[in-house]
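# Observations on the three-dimensional arrangement
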Amino acid sequence: MTPRRVLGLLAFALPALVAAPPDGAQLYKARCAVCHDAKTPPTGQRMPERAELASRTPEFVHKAMASGAMVPQSAGLSDDEMRAVAQYLTGKNFGGVVESTSGKCATGPKAFAFGPNDWNGWGGEIGNSRYQPKPGFTREDIPNLKLKWAFGFAGDTVAFAQPTVAGGRVFVGSAGGKVYSLDAQTGCSYWTYDAGTSVRNAVSIGKAGNRWLAMFGDTRGWAHAVDVQTGERVWKLQMDDHPVARITGSPTYYDGTLYVPVSSIEEASAMSPKYECCKFRGSVVAIDAAAGKMKWKSYVIADEPKPYKKSTTEAQLYGPAGGAIWSSPTLDPKRGLVYASTGNSYTDIETATTDSVVAFDMKTGKMAWFSQVTPKDNFTMACGPSGRANCPEDKGPDYDLGTSPILRNVAGGKQILVAAQKSGVVYGLDPDNKGKKLWETRVGLGGALGGVEWGHAADDLFVYAPVADRGRGPGGLHAVKISDGEKVWSAMTPKPDCKPGAPGCQTTMSAAATVMPGIVFAGGVDAHLRAYLSRNGEILWDYNAAQPYETVNGVKAKGGSFDAPGPTIANGMLFVSSGYGQWGGIAGNVLLVFSVNGK
């Protein structure tokens, strides 16, 4: 065979031997479009829209597919294929995210010790009141709050983790999977821990054995404990082996035990017509923090899912399922109980513990009682306008109890549990009578993206409930008497001066509120953080976070919507994460710290 003939044959065969590069557009259409390109149904949509994902980095999208929330949707794809999807979706090349090496602390941290006015975990204390009685500044100081420093989350377009402030340090997670330990006064960085996937809950600090641990969960369903001083991993435990299990709510620590809430996004998996829906059950897991071992795990729904019928696509359906716990557990050592708020059911199989406050024994995990506020709330994200295969026949309104129950004292030495729901209703429950309903008060219209979404707050007299009501009505902040549920005042969010449909052009208040003596802080999707007088709802201070910031770590950062985490207050400073681009919000990637006159 002549050399020319050999070359000719090679020229003919070579294209067949060299595989074509993956087609990101086709892969996206096949694997992702059903969720992210879907029009928002009347019942609401809780997946980020395509435009919001496009604003992120390819690294972020790739991580979600490789080890994050989108693992089930990307099952079977090669790494090259996942990278092709990420590049197609974002329109950006890999390599744009560089973690800053500036802003490191010159010396290591001092030995850790709690201060008297620190803020630990989600609620600041195990009753989850979100009340700081000794903030370090007064109501009169509020108009003089100014930015002290800002910290940027490299490569992120969302800041959805609430900071914990303890021992002169700030501990905060990030969408990019990093957890940071920062100096509270200056923002310089002591250490960075890579969890491997997003961390959106508040860090809980506790002493286990002879050392202090920083403990948190990730969006793949793993709980982590790292050394407070060094950031080195001490243990890592999987809370649930369901493919889309996640830890959204903040773990709560008490007396050597970490109580971890387990949630999922199986409601989104159900959007695939041939998905065998559904098998996830929400749970609370108790971990021996010193040993790094599970003490007990208790499911909200006691019965294991079993096959019960076929869908219209002939996929096998299972039930009961649901009851995700996406808020922080509340602890009651006096009664020896753990309280957890639960989400909706995923199937038509009836459950009595979804949309409920559930009490578990702190030592054994045995369910002590439950108080259901909305029965038959069966819902998945397959419940579009025309219905899909995995939408329950007896469809509910999607009214999860997504906020932590608040345990507070009332007159006469009694205590009350205050729960708030996406229905727009706040409930007073009796912890001495198996959660019997004492009162209920409507503060909003409610809906799948309405009502009270992430967190109410309470002082000694009132509970303060931010209302979202996205797409249904105006958002606002409402005060209700803890003792009897009487509505005291309502402060509707000021109408933004913007073009309708523009990012952040809405009055929605989804983020958790925080209270101190005389003042309630609450942020909105319009990117405004406001301080309200607790006696009447008058706005005393208003800060627009939608602007670029010069950060202490040299990362390019900007502020945006406030959604999910609320402010934390400690030692004369206010800390808050800013940036949330989903559902018409404003993307951002910054932690903001305020003090009186910025000093």
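If you're wondering where the values come from, they're calculated on a predicted model, not measured in any experiment.

Rules used throughout
Residues numbered from 1 in each chain as written. Predicted model: local features only at pLDDT ≥ 70, side-chain atom pairs only at ≥ 80, totals over all residues. Heavy atoms only, no water. Phe/Tyr/Trp six-rings, centres within 6.5 Å; stacked < 30°, edge-to-face > 60°. Helix = DSSP H or I, 4+ residues; strand = E, 2+ residues; numbered from the N terminus. Buried < 20%, exposed > 50% of the residue type's maximum accessible area, 1.4 Å probe, protein only. Pairing = 2+ DSSP bridges. Axes fitted to C-alpha atoms, helices over the stretch in contact; angles between N-to-C directions. Salt bridge = Lys/Arg side-chain N within 4 Å of Asp/Glu carboxyl O.

## Comments concerning the packing of aromatic side chains
What the rule picks out here adds up to 19 aromatic pairs. Taking the centre distance of 6.2 Å and the plane angle of 45 degrees together, the rings of Phe-171 and Trp-191 count as tilted. Note that Phe-171 is positioned in strand E3 (residues 169–172) and Trp-191 in strand E5 (residues 189–194), a separation of 20 residues in sequence. Per residue, the accessibility class of Phe-171 equals that of Trp-191, and both read buried. Aromatic ring contacts, followed pair by pair, group Phe-521, Trp-541, Tyr-543 and Phe-594 into a single cluster.

## Digging into the sheet that holds strand E29 (residues 514–516)
Across the sheet, 4 strands lie side by side as E29-E30-E31-E32; this open sheet has antiparallel pairing. Each edge of the open sheet carries a strand with a single partner, namely E29 and strand E32 (539–544). In this sheet, adjacent strand axes meet at a mean angle of 15 degrees when their direction is disregarded.

## A closer look at the pattern of salt bridges
Following the criterion strictly, the structure yields 17 salt bridges and no others. With a shortest N-O distance of 3.7 Å, Asp-227 and Arg-211 are connected by a salt bridge. Placement of the pair is Asp-227 in strand E8 (residues 222–227) and Arg-211 in strand E7 (residues 211–217), with a sequence separation of 16 residues. Residue classification places Arg-211 among the partly exposed positions, given a relative accessible area of 37%. Arg-530 is paired through a salt bridge with Asp-542; the nearest N and O atoms lie 2.9 Å apart. On the criterion of sequence distance, the pair formed by Arg-530 in strand E31 (residues 528–533) and Asp-542 in strand E32 is long-range, its members being 12 residues apart. Take Arg-530: its relative accessible area is 3%, and that puts it in the buried class. Owing to a relative accessible area of 39%, Asp-542 belongs among the partly exposed residues under this scheme.

## Let's talk about unusual backbone geometry
Across the junction of Cys-277 and Cys-278, the peptide omega takes the value -5 degrees, indicating a cis bond. Structurally, the position occupied by Cys-278 is in the loop between helix H8 (266–269) and strand E13 (283–288). Cis peptide bonds are those with omega within 30 degrees of zero, and the linkage from Gly-319 to Pro-320 qualifies with 0 degrees. Relative to the helices and strands, Pro-320 resides in the loop between strand E16 (316–319) and strand E17 (330–332). A positive phi angle, near 55 degrees, is found at Lys-434, a position not held by glycine. Within the fold, Lys-434 resides in the loop between strand E23 (425–430) and strand E24 (436–442). Backbone geometry places Asp-469, a non-glycine residue, at a positive phi of 50 degrees. Along the polypeptide, Asp-469 turns up in the loop between strand E26 (462–467) and strand E27 (476–481).

Note that all results are geometric; they support no functional claim without further evidence.
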